[in-house]
Amino acid sequence: MTGEDIVRLAAYLGLAGEEFRRIYLCGTTPMRFRKQRKKQCPFLLPDGCAVHLAKPLQCSSFPHWPELMSKTGRDEAAEYCPGINRGPHVDLKAAKKTANRVQKSFPELYDEPV
Ligand code: SF4
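What you are looking at is a predicted structure, and each value in this text was computed from that prediction instead of being measured.

Draft legend 1. Region of interest: the overall build of the protein. When helices and strands are tallied, the protein shows five helices and four strands. Seen in sequence order, the protein has helices and strands lined up from the N terminus as α-α-β-β-β-β-α-α-α. When its C-alpha atoms are laid out on the principal axes, the protein stretches across 40 × 30 × 25 Å. Split into buried and exposed, the 114 residues of the protein put 11% on the buried side. Sequence separation of 24 or more characterises 47% of the internal contacts of the protein that already satisfy a separation of 6 or more.

Draft legend 2. Representation of the domain arrangement of the protein in the model. Assigned domains within the protein: domain 1 (1-45) and domain 2 (61-109). Of note, the centres of domain 1 and domain 2, computed from C-alpha atoms alone, are 23 Å apart.

Draft legend 3. Local environment of the site of the ligand. If you check the shell around the ligand, you find C41, F43, L44, C49, V51, K55, P56 and C59 and nothing else. Broken down by class, the residue content of the shell around the ligand amounts to seven nonpolar, no polar and one charged.

Draft legend 4. Highlighting helix α5 (residues 92-105). For α5, with 14 residues, the first-to-last C-alpha span of 20 Å sits near the 20 Å given by 1.5 Å per residue. All of the buried residues in α5 are T98, A99 and V102. One face of α5 carries all of its buried residues, which in axial projection span an arc of 100°. More than 90 degrees from the buried face of α5, the exposed residues found are K93, K97 and K104. Taken together, the buried residues of α5 touch α3 (57-60).

Draft legend 5. Main features of the packing of helix α1 (residues 3-13) against helix α2 (residues 17-24). Two elements in contact, α1 and α2, have axes separated by 9 Å at closest approach and are oriented at 95°. With respect to α2, the element α1 is oriented roughly perpendicular. Where α1 approaches α2, its residues I6, V7, L9, A10 and L13 are matched on the opposing element by G17, F20 and R21. Looking at side-chain class alone, the contact of α1 with α2 contains six nonpolar, one polar and one charged residues.

Draft legend 6. Spotlight on the environment of D111. Along the chain, D111 falls in the segment after α5. Here D111 falls in the exposed class, since 8 other C-beta atoms lie within 10 Å of it. Separated by 59 residues in sequence, D111 and H52 have C-alpha atoms that sit 29 Å apart.

Draft legend 7. Region of interest: the environment of G3. Its place among the elements puts G3 in helix α1. On the basis of neighbour counts, which here come to 11 C-beta atoms within 10 Å, the residue G3 falls in the exposed class. A C-alpha to C-alpha distance of 9.9 Å links G3 and P56, two positions 53 residues apart in sequence.

Draft legend 8. Seen up close, the environment of Y110. Relative to the helices and strands, Y110 is located in the segment after α5. In the structure, Y110 is positioned 15 residues away from A95 in sequence and 17 Å away in space, judged by C-alpha atoms. Sequence-distant contacts of Y110, that is, excluding residues within four places in its chain, are made with P66 and Q103.

Parameters and conventions
Residues numbered from 1 in each chain as written. Predicted model: local features only at pLDDT ≥ 70, side-chain atom pairs only at ≥ 80, totals over all residues. Helix = DSSP H or I, 4+ residues; strand = E, 2+ residues; numbered from the N terminus. Buried ≥ 20, exposed ≤ 12 C-beta atoms within 10 Å, placed from the backbone. Contact = placed C-beta atoms within 7 Å. Domains from an automatic or database assignment. Near = placed C-beta within 6 Å. Nonpolar A, V, L, I, M, F, W, Y, C, P; charged D, E, K, R; others polar. Expected span 1.5 Å × (residues − 1). Arc of directions from axis to C-beta. Axes fitted to C-alpha atoms, helices over the stretch in contact; angles between N-to-C directions. Parallel < 35°, antiparallel > 145°, perpendicular 65-115°, else oblique.

Listed below in structure tokens is the structure:
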């Protein structure tokens, strides 16, 4: 969760940033959603994402993450995500730009440049 994510999601839900952090987040850098008992994300509903318009960068950028820029990374992700390697081709330059943004937003997670 980036600082921008927290501000955007809190505003979307009509909460103060601190209240949003207290209710929904845990960890330090980066903070992440508290895991729910029977689901991975508090905003995952049977019909989709309850915060789609304000969802975190990690969600809106998927699958254009640095670790998925290689064929090997994409093939591994395709084992759990049925949308990978399907549908219209995506402009590689645009995908790398998104991956760079993710990398810059989470420097503690990535050592190597994309
Ligand atoms: S897109 Fe992100 S915020 Fe929305 S339900 Fe999925 S994991 Fe949660």
